[in-house]
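Here is how the chains run, residue by residue.
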Amino acid sequence: VCAKNSAPLSPVASKASSGALERMDVRSVGVMPRFLTRCVEEGWDVFGTDNSADAEAVTDVKVLKPTVVVVGNEGAGLRTNVRRACNRMVRIEGGPVGHSARGPGGSGGDGTESLENPGVVSGNDTVDSLNVSVAAGIVLHAMLTSARASE
């Protein structure tokens with residue numbers, strides 16, 4: 001968890017996590033891009049979530065080594081420096097692709113939003129965006145399935 005710009009690890013956060021916060025070690029880092037860059041240098045894959053056309057479909061990703069998954073906030077998605085520190089980008093299939101307008105993962109003046117932002121069902125029955133916790137759950141499930149299949 002980034003020490004800056006993140007919700008505090010409070011009793012409210014513990015309740016929202018259904019107690020998972022009490023069952024696992026949670027650490028904070030001062031400068032997230034520096035931490036992610038160090039992870040890449042030490043051989044980890046660092047996946048950022050984005051809705052751009054150049055991002056890999058999460059269902060096509062093969063998890064073969066230790067991995068960090070970074071999910072942006074619901075307002076603006078990933079911060080620019082955090083996005084740059086990721087060595088791979090993934091997207092969730094099912095929504096429109098290639099329109100992260102206000103920077104990576106952000107919403108912009110063209111009326112579109114990223115997968116991390118709340119949204120609505122569009123006219124072609126695809127979801128334009130997802131709540132950040134839903135998006136994180138989908139990405140983690142797909143990656144765990146891939147990692148287990150590789151064993």
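Every value quoted in this text rests on a predicted model; they were computed, and no experiment measured them. (Residues numbered from 1 in each chain as written. Predicted model: local features only at pLDDT ≥ 70, side-chain atom pairs only at ≥ 80, totals over all residues. Heavy atoms only, no water.)

A word on the nonpolar core
- Residues M32, L36, V46, V68, V70 and V82 are the most contacted members of the largest nonpolar core, which totals 14 residues.
- If you list the elements that add at least two residues to this core, you get α3 (32-41), β3 (67-70) and α4 (80-85).
- The element contributing the most residues to this core is α3, with 3 residues.
- Residues V58, V90, I92 and M143 belong to the second largest nonpolar core, which totals 11 residues. (Core = buried A, V, L, I, M, F, W, Y, C linked by side-chain atoms within 4.5 Å. Buried < 20%, exposed > 50% of the residue type's maximum accessible area, 1.4 Å probe, protein only. Helix = DSSP H or I, 4+ residues; strand = E, 2+ residues; numbered from the N terminus.)

Things to note about the pattern of salt bridges
- Summed over the entire model, instances satisfying the criterion amount to 5 salt bridges.
- Between D45 and R88 there is a salt bridge; the shortest N-O distance is 3.0 Å. Placement of D45 in strand β1 (residues 45-49) and of R88 in strand β4 (residues 88-91) is noted, with a sequence separation of 43 residues between them.
- R88 is the partner of E56 in a salt bridge, and the nearest nitrogen-oxygen pair spans 2.9 Å. With E56 in strand β2 (residues 56-57) and R88 in strand β4, the pair connects residues that are 32 residues apart, well separated along the chain. (Salt bridge = Lys/Arg side-chain N within 4 Å of Asp/Glu carboxyl O.)

Concerning a nonpolar patch on the surface
- Side chains of V1, L9, M24 and V26 sit close together on the surface and give an oily, nonpolar patch of about 350 Å² of accessible area.
- In this structure V1 comes out as partly exposed when scored by relative accessible area, which is 44%. (Patch = residues over 30% accessible without salt bridge, like charges linked within 9 Å, V, L, I, M, F, W, Y side chains within 5 Å. Areas by Shrake-Rupley, 256 points an atom, 1.4 Å probe, with all protein chains shown as cover.)

Let's talk about the pairing of β4
- Bridge count for β1 against β4 is 3 bridges, and the pairing is parallel. The residue of β4 that forms the bridge with T49 is V90.
- Strand direction decides the pairing type here: β2 and β4, joined by 2 bridges, are parallel. Paired with A57 across the bridge in β4 is R91. (Pairing = 2+ DSSP bridges.)

Notes on the sheet that holds β3
- Strand order in the open sheet made by the 4 strands is β2-β4-β1-β3, with parallel pairing throughout. Strand pairing shows two members of the sheet lacking a second neighbour, β2 and β3, which therefore form its edges.
- Sheet topology places β1 next to β3; 4 bridges connect them, and they run parallel. By the bridge assignment for β3, D45 is matched with T67.

Examining the confidence of the model for the protein
- Across the protein, the average pLDDT comes to 77, with 77% of residues at or above 70.
- The least confident element of the protein, judged by mean pLDDT, is helix α2 (residues 20-23) at 84; the most confident is α3 at 96.
- pLDDT under 50 marks residues 98-125. Its contacts with residues more than four places away, or in other chains, come to 79 contacts. (pLDDT = per-residue confidence, 0-100. Contact = heavy atoms within 4.5 Å.)

Quick look at unusual backbone geometry
- Here S18, not a glycine, exhibits a phi torsion of approximately 55°, which is positive.
- Here S18 is to be found in the loop between α1 (11-16) and α2.
- Since its relative accessible area comes to 70%, S18 is described here as exposed.

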